[in-house]
Amino acid sequence: MNQTERKASQEYQRLLAHRERKENWKKWGPYLSERAWGTVREDYSELGMAWDFFPHDHARSKTYRWNEDGLAGISDRYQYLCFAPALWNGQDPILKERLFGLTGPEGNHGEDVKEYYFYLDSTPTHSYMKMLYKYPHGAFPYTLLKEVNEIRTIDDFEYELLDTGIFDEDRYFDVLVEYAKADQDDILIRITITNRGHEAACCHLLPTVWFRNTWSWGYQSGPMGDVPEKPILRSAQAQEGQALVIAEHPKLGAYCLYGDGAPELLFTENETNFERLFNAPNLSPYVKDAFHRHVVNEEKGAVNLALEGTKAAAWYRGEVPAGGERTYQLRLTQSHLADPFQNFDRVFGQRLREADDFYAAIQRPGITGEEKRIHRQALAGMLWTKQFYYFNIEQWLEGDPRQPPPPHSRHQGRNHEWL
């Protein structure tokens, strides 16, 4: 394409409108980390041992202070409201809500994520995005991966997820997550689960929406991280065959999450399970790991039957036939819609065509089709890994009003000079 044709593309026009602050097409994007446990910001230990202070095993039960995480998820640019799918194959000891990996001391080559996921496509405004995650049929080998890598030396190969045999005979699901924006605040979500195995297999899907906890730390309202007013998620009346969650936030405003197929709605609070982690009383009867306890452990009292809270999920259950697939549709929007899925396929098709036009305009003439695909997916990897990063160093050093003070060693340890 020439310069005139490039500027005529719809994606270029969205970028231009955003740059001129006429529209806000980048308000929503893949700003949710795939994993946030074990990071330095979440470390309040005496000796600065971040991986030990907040390990993967705590992530499902402990509220994050600085940012959230989820698998193939999105959030607004201030990460007030988050969305991500969770999975359960009926065999795992926990829900698959985030990426698992080895900490620095556990991996024979240091910190190492042990999952298979691929960022396939994205436009710069995230008007269209696509990501693939490969989820085994069998119980995820968390313990085996740690035990084998711990005994290997730096001169040995890493022991990878594929080496465990968990994917033998194609016993896994391809979980394809796609997003298409009908407008700046109107996001269509399509999740396709394909069974690559030769036998039918169970796969539960729990698309989850939740608020980053900004209300538990004891601050007055600030520009980004400190919102003391507690937001709320609640169930609302929907069309037959659908489910509806209303999200109300004092700064972000109100949103609707529609789920097609009449899933069961689950609600809890994004609050730490102190009882599990620290043998201390919980601040709320409903805590962050309630969906894990309800679905995996069958603890019926773990979720809030009043159908409200700060974390909610739409629970889809069922088998996926051998070689078959199941597709799920959701929509996160500020609008109240009579039929939220009426124009679903049309919007997805339109945004994908616009993405094709945009990349055709910026790719160098004469390169092969394979080179074009490699270039486009490489850019998708860069765009998908844009992250919300919030870190108030003064609050991190001094501690929060409603939390125990950090150890005194904090003022001589990592990052103290950042002040």
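Worth saying up front: this structure is predicted, and the values here are computed from it rather than measured.

Enquirer: Give a description of the pairing of strand S14 (residues 253-260) that names residues and reports values.
Expert: Summarising the sheet, strand S13 (residues 242-249) and S14 pair through eight bridges and their orientation is antiparallel. Counterpart to glutamine 242 in the pairing with S14 is aspartate 260. The hairpin formed by S13 and S14 contains three residues between the paired strands. Across four bridges, the pairing between S14 and strand S19 (residues 325-333) is antiparallel. Looking at S19, one finds that glycine 259 is bridged to leucine 330.

Enquirer: Give a description of the sheet that holds strand S15 (residues 264-268) that names residues and reports values.
Expert: In space, the six strands of this open sheet follow the order S1-S2-S3-S11-S17-S15, with antiparallel pairing throughout. Among the strands making up the open sheet, the edge pair consists of strand S1 (28-29) and S15. Pairing analysis gives eight bridges linking strand S3 (residues 81-88) to strand S11 (residues 204-211), with the strands arranged antiparallel. Bridging across to S11, leucine 81 finds its partner in phenylalanine 211.

Enquirer: Tell me about the pattern of salt bridges, and name the residues and values.
Expert: Here the structure, examined in full by the defined rule, presents 31 salt bridges. Its salt-bridge partner being glutamate 264, residue arginine 317 comes within 2.7 Å of it at the nearest N-O pair. Note that arginine 317 is positioned in the loop between strand S17 (311-315) and strand S18 (319-320) and glutamate 264 in strand S15, a separation of 53 residues in sequence. Judged by relative accessible area, which is 44%, arginine 317 ranks as partly exposed. Residue glutamate 264 is classed as partly exposed on the basis of its relative accessible area, which comes to 33%. Close ionic contact of arginine 376 with aspartate 356 constitutes a salt bridge, the shortest N to O distance being 2.8 Å. Separated by 20 residues along the polypeptide, arginine 376 in helix H9 (residues 369-384) and aspartate 356 in helix H8 (residues 344-362) bring together distant segments of the chain. Connected through salt bridges with shared partners, the residues Glu11, Arg14, Arg351 and Glu354 form a single ionic network.

What counts, and at which threshold
- Residues numbered from 1 in each chain as written.
- Predicted model: local features only at pLDDT ≥ 70, side-chain atom pairs only at ≥ 80, totals over all residues.
- Heavy atoms only, no water.
- Pairing = 2+ DSSP bridges.
- Helix = DSSP H or I, 4+ residues; strand = E, 2+ residues; numbered from the N terminus.
- Salt bridge = Lys/Arg side-chain N within 4 Å of Asp/Glu carboxyl O.
- Buried < 20%, exposed > 50% of the residue type's maximum accessible area, 1.4 Å probe, protein only.

These values are about where atoms sit, not about what they do.
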